[in-house]
Every structure is written in C-alpha cells, then in structure tokens.
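In case you want the letters, here they are:
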Number of protein chains: 2
Amino acid sequence: MPSPAPVTGPVVGVIGGGQLARMMGPAATELGIELRVLAEAPDSCAVPAAASHEVGDYKDLATLLSFADGVDVITFDHEHVPNEHLEALLTAGVAVEPRPTALVHAQDKIVMRRAVEKLGLPNPRWAAVKSVEDLVAFAEGRWPVVLKTPRGGYDGKGVLVVPSESEARNGTAAAWFAESGFEHLLAEEAVPFTRELSALVARTPTGEVRSWPVVESIQVDGVCDEVLAPAPGLDPEVEQAAESAARTLATELGVTGVVAVELFDVPGRGFLVNELAMRPHNSGHWSMDGAVTGQFEQHLRAVLDLPLGDTGLLGTATVMKNVLGGENTDLFSGFTRVMSSVPEAKVHLYGKGVRPGRKVGHVNVTAPAGAPAPETNTGQSGQDSADQRMSALRDRAREAAALLRDGA
Amino acid sequence: MPSPAPVTGPVVGVIGGGQLARMMGPAATELGIELRVLAEAPDSCAVPAAASHEVGDYKDLATLLSFADGVDVITFDHEHVPNEHLEALLTAGVAVEPRPTALVHAQDKIVMRRAVEKLGLPNPRWAAVKSVEDLVAFAEGRWPVVLKTPRGGYDGKGVLVVPSESEARNGTAAAWFAESGFEHLLAEEAVPFTRELSALVARTPTGEVRSWPVVESIQVDGVCDEVLAPAPGLDPEVEQAAESAARTLATELGVTGVVAVELFDVPGRGFLVNELAMRPHNSGHWSMDGAVTGQFEQHLRAVLDLPLGDTGLLGTATVMKNVLGGENTDLFSGFTRVMSSVPEAKVHLYGKGVRPGRKVGHVNVTAPAGAPAPETNTGQSGQDSADQRMSALRDRAREAAALLRDGA
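Residues numbered from 1 in each chain as written. Chains lettered and ligands numbered in written order. Predicted model: local features only at pLDDT ≥ 70, side-chain atom pairs only at ≥ 80, totals over all residues.

## A word on the overall build of chain A
Operational definition: Secondary structure follows DSSP: runs of H or I at least 4 residues long count as helices, runs of E at least 2 residues long count as strands, and numbering of each begins at the N terminus. Note that the radius of gyration is over C-alpha atoms, with the globule rule given as 2.2 Å times the number of residues to the power 0.38. Residue pairs are scored as contacts if the distance between their C-beta atoms, which are placed from the backbone, is within 7 Å.
Summing up its helical and strand segments, chain A has 13 helices and 17 strands in all. Its C-alpha atoms give chain A a radius of gyration of 22 Å, near enough to 22 Å, the size a compact globule of 408 residues would have. Its C-alpha atoms put chain A at 80 × 65 × 45 Å along the principal axes. Partitioning the contacts of chain A with sequence separation of at least 6, the portion at a separation of at least 24 is 64%.

So this is what it looks like as structure tokens:
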C-alpha cells in the first residue's frame, strides 16, 4: 500500500540564520511545523537545523516579499530588519510577529524609556539629551552617568559610562554627540544595582501571556555569561512585581512571541527596567532543558497564535553557562572529556566558527526532581540548602563550558 | 570582520528515513553533530529534520557504499538492511553501529532465543520447529502455544496463537509450515503474563552501558499504545534483575547504540525475555521529555563512542501515549484544542501521512518535580499516591493524543 502524502503543517519563516533561528529548529521538528530560514549565507548556522532555507539580504524588500510567499508567519532571529520593510510586508497581507509597532521598543531605547514611563513601570532616572550641556544638566553634579546610543547597541556596545563632567566635555561622550548621527542620545543614572534579573514571557496575537520564573543573569564585560533559574533568594514580592511588569509590557506594547525584560535588582528600590528584547533571548536558554516548555517552542506557538505551553520548572533549578570562543577552534575535541566529566550537562553547540569571545554554544545543568539536596549541616535553613544546590550546579555548568571552550 | 568558517563536527549517517531517524534530528542539532539520512523517498519524514540527505535503496550495496563516504559512522532507522551488505561496509572500513553480528539477534528470533538461553537469562519455554508434528510434540498437550516466524515480524505481525492440536493440524499453522519459506519456525509457550515491561539501555563500542528505569509498555492489538515510566509498582528486585539482564545482553551480544529488551512480567516467575530491538524504540520515547538524556541523543553519543549522558528522570514520572492515525487526516486541526486543554503535553508529530492505525506521533506528559502529589485520603500509602499520580498523567496524555487524532 503506498504511503499517504505527508501531512503539511504551518510554515514559520525566520529572518536571520543565527543561533536563535537554529534553536527553533528542534522545536519545529517536534511539533511537525516547517521552519524556513532567510539566511545571510549558505553556511549560516541555522541552515542545517531548518527544514528549508533561502539565502538573501534582509534589508532588501523584494527579497523579503519573495521569502514571505508561502509562509504562514514571519518572525525574527534578530531585530535589524528595517521597520518600513516590515510595514510593507503587513500591507502586502503578510503576518509579521512581533509587529514593527511593538518591535520599535526593542530597537530604540528612548522609545522604550518613554513607554515604560507611560505604563508607570520603574525606570532609572533618564533623559533624552542632544548635547554635552544637556548631559551635564541631567547629571546634576552626580557622576558617573551612563550614555547610550538609542539604537544599534548590544552586548555592551553603544553604552558609555561617563565618570565626570570634564570627561563629558572632553572625552568620548563629546565625540558621540558630535559624530553618532543620532538626534538624541539616552542619558541614564548609573544604577546602583546588585545583580541583573530577566523576566521572560511569551504572548500570542490573541492575548494569551505565559511567564517563566524570573532568573538571575550574570554579565561579564557586558556579555551574558551565566543564568540562574530561578533567581536565587529573590524576594517573592519583587518576583511577582517583575513578572507582572513583563506581562504588562508584553500586553500594552502588543508584543507577540517571546519578550525578555532585563531588570536591575536595586536593594531598597525593588527593580528597574534595563532593556527589552523581542525574540528568544540568552537569558531564556535555560528553559530548553529546565522548563516544561522551552522558549523556542513557546516562540513558535506564540507567533502562530497557538495556545502557549506550560512554563513550570522540570527540576528544581537550572544553570545556563555560555560557551564563549577561546583559543581552541575545535569544540568537538572536548566532547569526550565534557561528556565523561559532566554526564548530566546538556550541551548546545551553534555550529559557528570560533572567534575569541564569540557565543558559540551553551550548557544547561538541571537539578532533577528526585535528587537529594546537598549535604547540609544541622540547623541550616532551606535557603542555605538551595544556595548550596545552586552553587553545585554552577560548578558543574562552568566545568562543562570550560572543557568545551578549551578542548582536548 | 568576516566570520570564521563554521566548525564541522562528526557526521552520523542513518539508513532509513522514518520517524526514528527524524527524532535523531533535534538531538543532533543541539550537539552540533551532522545527521545525514539515506531516505527511501524525497518526502520521507526524516528529511526535513536532517542536516543533509540522499535518496536511495538500502538494499543496494553501491548506494550504501556511496552514502558511507564522508560519514563517521553508519547507524539505523530500521533493522532491514541485508547483513551481507553491512559486512561489506565493515570490510570497506566503514564504522557500522550496531554491527551485524549483534543486529542478527534483533532480526532472527530463533538466534535471539538461543543467545538468551546461553546467557542464562529467562526465556519462555521454546523450540525451533520444522513441522506440525514438531509443534504438537512441543505443546505436550498444553494449548494454546504461540508460533512465530523467526524474521520479518513486527507490531504483532508474524505471530500466531494456536489454540488447539486440531487448529495446528488444519488451520493457519499448517499453512505457515507449508508456505512460510523458513526452515524453522519458533514455538513458544503462551506466557501467562500480566503486563509487558521494557528495559532500555545504551552501550558504546568501548563498553560503557547506561540504563533508563524499566518501564511498562501497554500494547493494543499488538501495537505499542502507551508507556508508563517508571513501571508502576514494580518489585525493586525484578526491576534490578531486568535492568541487569538488559546490560548483560547489550554487553555479551556486543550491541552498540540503544537496545530495548521487551519483557513479560509473570507473577511468581519474575520476568521472561520477549524480544530485542537494536535502535531507539517506541518504549523509550518517554525519555525525550522525561529523562535528562533522551534515547535519541544517547543513541548518537553511543554510536559515536562518546561518553553516555545521565539517564535519571527529570520529573517524578512520565506517560507516553502514541497517536495512531484515525479518520482525521489533518493532525494540525487539533493543535488549538490540544494545546489549550493540555498545556503540559509535549506534542511530537512525525510529518507522516495519516492512515488508520499508523503511528503518526506521540505525546509525553511528565509530572514535574515541584508538583504536589494528587489529593490523598488519610491513611493512603505512598504507592496509592503514586498510582493516583500515574492515573492522572495517563488521563492527560490520552486526552491530548485523542484530540490530535480526531482533530477539530
């Protein structure tokens, strides 16, 4: 008997062929969804993970229109597609999620600050400034202040800490005003935060929102290095307020798909909003192995306007550790050592060439349900025991990531 | 700065493009391994999940040799490649895992019975029989007996329950002896089992073995329908003996990759070996969402001779329920209902055309670590509470699978 024709499911088109598109591949395969990628090059790392792909320039509208043909919804690996092109796709009847009216809040930090303020959510003190004089006026004599380009910054780029008025008048800040090409730059107080948090939620076009537990995100040199899920020792009131803020932002800005709200944890002031990302985010990679529904599956469900999956933890805690490129260019040379030393590590490699500091993979380590808590001394509190468990997970995740980075 | 060339990892070649090959795709993507499939047709269901593929006939040696070029190891979606071709691949220097000397025990039930006996593991009473007279002699007056073709049977095919001597002499059994073309058929006692179990392990060429917890496998009309992990209420001694038997078989038969040892649970006799499968197996699909390392990742690690991953449970229990084709041919039409009704269900669709009774997908539902046990009455034992939890998981998995099967 000949087999009946394969069932064809919805087609999700992703603009950009980086690791975020790549990691949507497994989730799409499991659900039977077709993932189609518009890649920068034939060897973009998402290509082998996608059911189909085209190579083309995301800045070219004709390319985008052609790519959108036969796709049920367009979504993104990155936030760099010109918004006028996205508007043109919408006009042509293409579903684009998230929509450019939402996306602008992840693209332009001044637009984002205004929106956060309007929603009554906690911003740092901020101002849009046009000149060194504006910046000095904003500082009110309290230095340092932070100067940001409204667009184009990521992983610590586009951010300048200005230590003093004389540096503002004579240093890089003055050059930024002269040469950046932006009408306004964003000035912010230097927030006295103790750590960074991330509140991750997903929202569908019809308005369903689900949140994952708030996590702690540890940055090194402005780049995400490690994520602890859930954020250790977080005041339940702060957790609830942060989650609620992320839900409000997702709903009121009309975000669809996954949105990461990066937060500063400021003792005595609760949290302040740092910035927004409208796509699966590094601070959510832990969910691939630590939650019932990971962020990549949830993003696909959300942009297709399907009901969202359960976001509960699978184990009791998960640590995500990024693998940043080092001297070693063959990540596979460390496989035997990492797999024998840390058999519980979930290894994720992105298939990208290694360059020092480049994000080339990550590992997740989860404390499973049935695992006994680490040995505790008599009289230790539950929090001490949770801290010990988190500390043990971090050691394992760091060991695994270092073995991958350094190779055999 | 131009990006450095992508890092290329090991290449695993899978012969066969069915759902088992397909489900290796996500695991390969996460590890950065290249999965290359030899598919029966361009629309075989593994094709969109694999990094690369060729279309060709696995019964043709030239096709196999060409496919093996540039592949680090050959493994399988099914057990139907002629063993002489596999020997020829080995002679040509190609790594083939599992090797044909092991594989024959999953292909030929008489060879398997002899090996189980030689290893001192518990077989049902059995004999290789050439004629109706042999069968009648084997029965010793105790009917029914079970007659099996040594090769080619699966999902209940190739198995005949012979109820009486007169049926043996005049019914289908007599026709099998006359027409089956096998020199011997396999006669087995009709085992008075209460349920079926499956002991799943993986083994590497250098001899590392890891086992998952023994599961209960529920068959309907000879086809796997539901799997309960771990097997409820299993006597710890039986569990340990079953796991140990699976390890012994894997080691002594020189199996590599995943091997499923299907067992009969027989009150008062412990367990008896039913049959072996040397590849990821339906009774291990639960591990994709319920164990730290799922069977597809473990199979890839094993055939590449990489250290094996942790096989511990992520939650406290997982139920796998198969989605068998029904009247509805559009499985996606049920997505909204299944995802809203059972948000904790992990949906796996195989991208295959629907035909009544065909395996087209499965769902997994896991009881997470942090979930409270279901409400219990005063005085209930832990086992009652575990039974209630398993029963609740089964209800959820069945609901999800039915919604997918029946559609909107």
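## Thoughts on the sheet that holds strand 8 (residues 185-189) of chain A
All names here are of chain A. Keep this limit in mind: At least two bridges found by DSSP between two strands are what make those strands a pair. Axis geometry follows a simple rule: fit a line to the C-alpha atoms, using only the stretch in contact for helices, then measure angles between N-to-C directions, giving values from 0 to 180 degrees.
Spatially, 5-8-6-7 is the arrangement adopted by the four strands of the open sheet, whose pairing is antiparallel. Of all strands in the sheet, those with a lone pairing partner are strand 5 (126-129) and strand 7 (159-162), marking the two edges. Within this sheet the neighbouring strands show an average axis-to-axis angle of 25 degrees, counted without direction. Pairing geometry for strand 6 (residues 145-148) and strand 7, over four bridges, is antiparallel. Bridge pairing in strand 7 links V146 to V161. Against the sheet, helix 8 (residues 172-179) engages strand 6, strand 7 and strand 8, with an angle of about 135 degrees to strand 7.

## Here we look at the sheet that holds strand 1 (residues 11-15) of chain B
All names here are of chain B. Pairing is parallel in the open sheet, where four strands are placed in the order 3-2-1-4. In this open sheet, the two edge strands, each paired with only one partner strand, are strand 3 (52-55) and strand 4 (73-76). Strand-to-strand twist across the sheet, computed as the mean angle between neighbouring axes with direction ignored, equals 25 degrees. Where strand 1 meets strand 2 (residues 34-39), five bridges bridge the pair, whose relative direction is parallel. Following the sheet pairing, V11 is matched in strand 2 by E34.

## Thoughts on the relation of the copies chain A and chain B
Applied cut-off: The least-squares superposition of copies is restricted to C-alpha atoms, and to residues with a pLDDT of at least 70 in both copies.
Mapping chain A onto chain B is achieved by rotating through 180 degrees and translating by 0.0 Å along the same axis, at an RMSD of 0.0 Å. Within this description, the copies of the chain are treated as partners about a two-fold rotation axis. Most of the interface of chain A is mirrored in chain B, where 100% of its interface residues again form contacts.

## A look at the interface of chain A and chain B
Across the contact, 53 residues belong to chain A and 54 residues belong to chain B. Residue assignment for the side of chain A that touches chain B shows that the elements contributing at least two residues are helix 1 (19-31), helix 12 (335-341) and strand 16 (346-349) of chain A. It is helix 1 of chain A that contributes the most residues to the side of chain A that touches chain B, six residues altogether.

## Re the domain arrangement of chain A
In plain terms, the rule: Bear in mind that the domain bounds are from an automatic or database domain assignment.
Assigned domains of chain A: these are domain 1 (11-96), domain 2 (125-189) and domain 3 (195-406). Between the C-alpha centres of domain 1 of chain A and domain 2 of chain A the distance comes to 35 Å.

## A look at the nonpolar core
Applicable threshold: A set of buried Ala, Val, Leu, Ile, Met, Phe, Trp, Tyr and Cys residues, joined to one another through C-beta atoms within 7 Å, is what we call a nonpolar core. Exposure criterion: with C-beta atoms placed from backbone coordinates, a residue whose C-beta has 20 or more other C-beta atoms within 10 Å is buried, one with 12 or fewer is exposed, and one in between is partly exposed.
Within the largest apolar cluster, 222 residues are counted, with the highest numbers of intra-cluster contacts made by V259 of chain A together with V259 of chain B. W126, L135, V162 and W176 of chain B belong to the second largest nonpolar core, which has 16 residues in total.

## Focus on the environment of I110 of chain A
Residues and elements named next belong to chain A. For I110, the position within the fold is in helix 5 (residues 109-118). In the structure, I110 is positioned 41 residues away from R151 in sequence and 8.7 Å away in space, judged by C-alpha atoms. Contacts of I110, omitting those with residues within four sequence positions, involve A128, P150, H184 and L186.

## As for the pairing of strand 9 (residues 195-203) of chain B
All names here are of chain B. Burial within strand 9 is extensive, with eight of its nine residues counted as buried. Relative to strand 13 (residues 257-266), strand 9 runs antiparallel, the two being bridged by nine bridges. Among the inter-strand pairings, A199 is bridged to a residue of strand 13, identified as V261. In terms of strand pairing, strand 9 meets strand 11 (residues 215-220) through three bridges, oriented antiparallel. Note that in strand 11 the partner of E196 across the bridge is S217. In this structure, strand 9 lies alongside strand 10 (residues 209-211), joined through three bridges in antiparallel fashion. Paired with V201 across the strands is S211, a residue of strand 10. Here strand 9 hands over to strand 10 after five residues, with G207 in that stretch at a positive phi of 105 degrees.

## Side note on unusual backbone geometry
Each neighbour pair has its own omega, and for E97 of chain A with P98 of chain A the value is -5 degrees, a cis peptide bond. The topology assignment puts P98 of chain A in the loop between helix 3 (83-91) and helix 4 (100-107).

## Side note on the packing of helix 1 (residues 19-31) of chain B against helix 11 (residues 295-303) of chain B
Residues and elements named next belong to chain B. Stated precisely, the cut-off is as follows: For classification purposes, an angle smaller than 35 degrees is called roughly parallel, one larger than 145 roughly antiparallel, one from 65 to 115 roughly perpendicular, and anything else oblique. In a left-handed crossing the near helix is turned counterclockwise from the far helix by less than a right angle, and in a right-handed crossing that turn is clockwise. Residue classes follow a fixed rule: Ala, Val, Leu, Ile, Met, Phe, Trp, Tyr, Cys and Pro count as nonpolar, while Asp, Glu, Lys and Arg count as charged, and any other residue, Gly among them, counts as polar.
Axis separation between helix 1 and helix 11 bottoms out at 8 Å; the angle between their running directions is 65 degrees. Relative to helix 11, the element helix 1 lies roughly perpendicular. When you trace helix 1 past helix 11, the crossing you get is right-handed. Counting all contacts with helix 1, which are made through M23, M24, A27, A28 and L31, the residues of helix 11 involved are F296, E297, H299 and L300. A per-class count over the contact of helix 1 with helix 11 returns seven nonpolar, one polar and one charged.

## Some details on helix 9 (residues 236-252) of chain A
Residues and elements named next belong to chain A. Using the following cut-off: Every helix has an expected span of 1.5 Å times one less than the residues it contains. By definition, the arc is the one covered by directions from the helix axis to the C-beta atoms.
Taking 1.5 Å of rise per residue, 17 residues should cover 24 Å, and helix 9 covers 24 Å from first to last C-alpha, within 8% of that figure. Every buried residue of helix 9 is listed here: A242, A245, A246, L249 and A250. Along the axis of helix 9, the buried positions cluster into a sector of 130 degrees, meaning they face one direction only. For helix 9, exposure combined with an orientation more than 90 degrees from the buried face picks out P236, E237 and Q240.

## With respect to the environment of A62 of chain A
Looking at the secondary structure, you find A62 of chain A in helix 2 (residues 61-68). The spacing of A62 of chain A and T29 of chain A is 33 residues in sequence and 29 Å in space, taken between C-alpha atoms.

## Re the packing of helix 2 (residues 61-68) of chain B against helix 3 (residues 83-91) of chain B
All names here are of chain B. Look at helix 2 against helix 3: their axes get within 10 Å of each other, and the N-to-C directions meet at 40 degrees. One way to sum up the angle between helix 2 and helix 3 is to call them oblique. As helix 2 packs across helix 3, the resulting crossing turns out to be right-handed. Judged by residue contacts, L61, L64, L65 and A68 of helix 2 engage H85, A88 and L89 from helix 3. Considering only residue class, the contact of helix 2 with helix 3 consists of six nonpolar, one polar and no charged.

## Here's the deal with helix 1 of chain B
Residues separated by three or four positions in an α-helix point in the same direction, a consequence of the helix having 3.6 residues per turn. Here helix 1 of chain B is 13 residues long and its end C-alpha atoms lie 19 Å apart, about the 18 Å a rise of 1.5 Å per residue gives. Counting buried positions along helix 1 of chain B gives 13 out of 13 residues, so the element sits mostly inside the fold.

## A closer look at the environment of G171 of chain B
If you trace the backbone, G171 of chain B turns up in the loop between helix 7 (165-170) and helix 8 (172-179). Placed 193 residues apart in sequence, G171 of chain B and N364 of chain B show a C-alpha to C-alpha distance of 42 Å.

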